[in-house]
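Breakdown of the fold
Letter by letter, the chains look like this.
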Amino acid sequence: MAKDIGDRTIVAERTLLDSGAFRRVHASLVILQGAEIGRDFRLKRGQTVIGRGLEADVRVHDDLVSRGHARLEFAWDRDKQEPHFFIVDLDSTNHTFVNSRRVDRVELMEGDKIQVGNTVLKFVLLDDIEAKFHEEVRNRISYDQLTGLLTKESLYLALEKELQRCTRYGLPLAILMMDLDRFKSVNDTHGHTAGSRVLTEVGRRIRESVRARDVSARYGGEEFVTYLAETNAAGGGLTAERIRYIIGSKPFEVDGRSMKVTISIGVSAFPEHGADLETLVKRADVALYRAKSEGRDRVCIEDTPPG
């Protein structure tokens, strides 16, 4: 080992630096789409059952998933000194798909996407450093206690990953920026407890208005964001109109009091309105501002090109 002094780099033999962390491999399933987006499940040697039932090793909260939906089988290649994983459908009601192809039994390759019900899991082989990173991401995914939606920080983590996927495969993505109209008057008139209950119900209505694969978050205060996987601007506009209708058409009942609440929504989409998260969120916010200025309780789709 050679040393130098001053501001020059210290030279060391590679063997002294290599801890072996890059050579050890951990197999995991990471939820890309579903109720617990970002969560990863470390696979074990032997068999791993994916399903909705309490006895499943990888439990998926999805009503379209069977109690015992699919099984992962482990095999060790002694010659190559490497693991192999196979997925087997367990006669599930809605079948098992790998990379959009229905399968009964198939060997999994790095990056394969497994769909069970409305939930998509990615099969990944991680070294020690990558495994630690995924664990940190999982620990940072959190939900807003009031609405049951993702927090703003968790949304950005999930959205960044989804945007990378859409960029790689040339898929569209829509972003909805939403803000309750004149919500301050609800708090001022009925109190903050009533306001909190309204926000809880808004979160529930938003979840029921979108697909299981779509992701929603409480952005802050009375602001919300939803991103729609593989959806263009027109499709985003249709979903936004559905949310606007479901929020505004039925009064909110709190402690025997009925109150009408409406929402304004701005829509942007990848790639026509931008190629990065910051630009897309900004463009959706511009469209939201226009919806507010044009009278509220409406949807506006951004029409300004990026740049």
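Above: the structure in question.
Let me begin by describing the structure that accompanies this report. (Residues numbered from 1 in each chain as written. Predicted model: local features only at pLDDT ≥ 70, side-chain atom pairs only at ≥ 80, totals over all residues. Heavy atoms only, no water.)

Turning next to the pattern of salt bridges. Using the criterion set out here, one finds 20 salt bridges in the structure. Where Arg244 meets Glu241, a salt bridge forms, and the shortest distance between an N and an O atom there is 2.9 Å. Separated by 3 residues within a single helix, Arg244 and Glu241 lie in helix α6 (residues 233-249), roughly one turn from each other. Here Glu241 falls in the partly exposed class, since its relative accessible area comes to 34%. Of the charged contacts, one joins Asp297 and Arg244 as a salt bridge, the two residues approaching to 3.1 Å between their closest N and O atoms. With Asp297 in the loop between α7 (277-293) and β18 (299-301) and Arg244 in helix α6, this residue pair connects regions lying 53 residues apart in the sequence. We classify Asp297 as partly exposed; its relative accessible area is 29%. (Salt bridge = Lys/Arg side-chain N within 4 Å of Asp/Glu carboxyl O. Helix = DSSP H or I, 4+ residues; strand = E, 2+ residues; numbered from the N terminus. Buried < 20%, exposed > 50% of the residue type's maximum accessible area, 1.4 Å probe, protein only.)

Among all residues save glycine, negative phi is the norm, and among peptide bonds the norm is trans. Residue Phe270 is joined to Pro271 through a cis peptide bond whose omega torsion reads 10 degrees. For Pro271, the position within the fold is in the loop between β17 (263-270) and α7. You will see that Asp255, though not glycine, has its phi angle at about 50 degrees, which is positive. Residue position: Asp255 is located in the loop between β15 (252-254) and β16 (257-259). Look at Asp255 and you get exposed, because its relative accessible area is 54%.

This part is about the packing of aromatic side chains. Within a pair of aromatic rings, the relevant descriptors are the distance that separates the centres and the angle that separates the planes. Tallied over the full model, the rule gives 3 aromatic pairs. Between the aromatic rings of Phe74 and Phe85, the centroid separation amounts to 5.3 Å while the plane-to-plane angle is 65 degrees, which identifies the pairing as edge-to-face. Note that Phe74 is positioned in strand β5 (residues 70-77) and Phe85 in strand β6 (residues 82-89), a separation of 11 residues in sequence. An identical accessibility class is assigned to Phe74 and Phe85; each is buried. Arranged with centres 6.3 Å apart and planes meeting at 45 degrees, the rings of Tyr156 and Tyr219 form a pair that is tilted. (Phe/Tyr/Trp six-rings, centres within 6.5 Å; stacked < 30°, edge-to-face > 60°.)

Take the sheet that holds strand β13 (residues 215-220) next. A sheet is described by the order of its strands in space; here 5 strands give the open sequence β13-β14-β12-β17-β18, paired in mixed fashion. Edge positions in the open sheet fall to β13 and β18, since each of these has one partner strand only. Across the sheet, the mean angle separating the axes of adjacent strands is 20 degrees when strand polarity is ignored. Inspection of the sheet shows strand β12 (residues 173-180) paired to β17 by 8 bridges, in the antiparallel sense. By the bridge assignment for β17, Leu180 is matched with Ile263. Relative to β17, α7 is tilted by about 145 degrees, and along the sheet it contacts β12, β13, β17 and β18. (Pairing = 2+ DSSP bridges. Axes fitted to C-alpha atoms, helices over the stretch in contact; angles between N-to-C directions. Contact = heavy atoms within 4.5 Å.)

As far as function goes, none of this settles anything; it's purely spatial.
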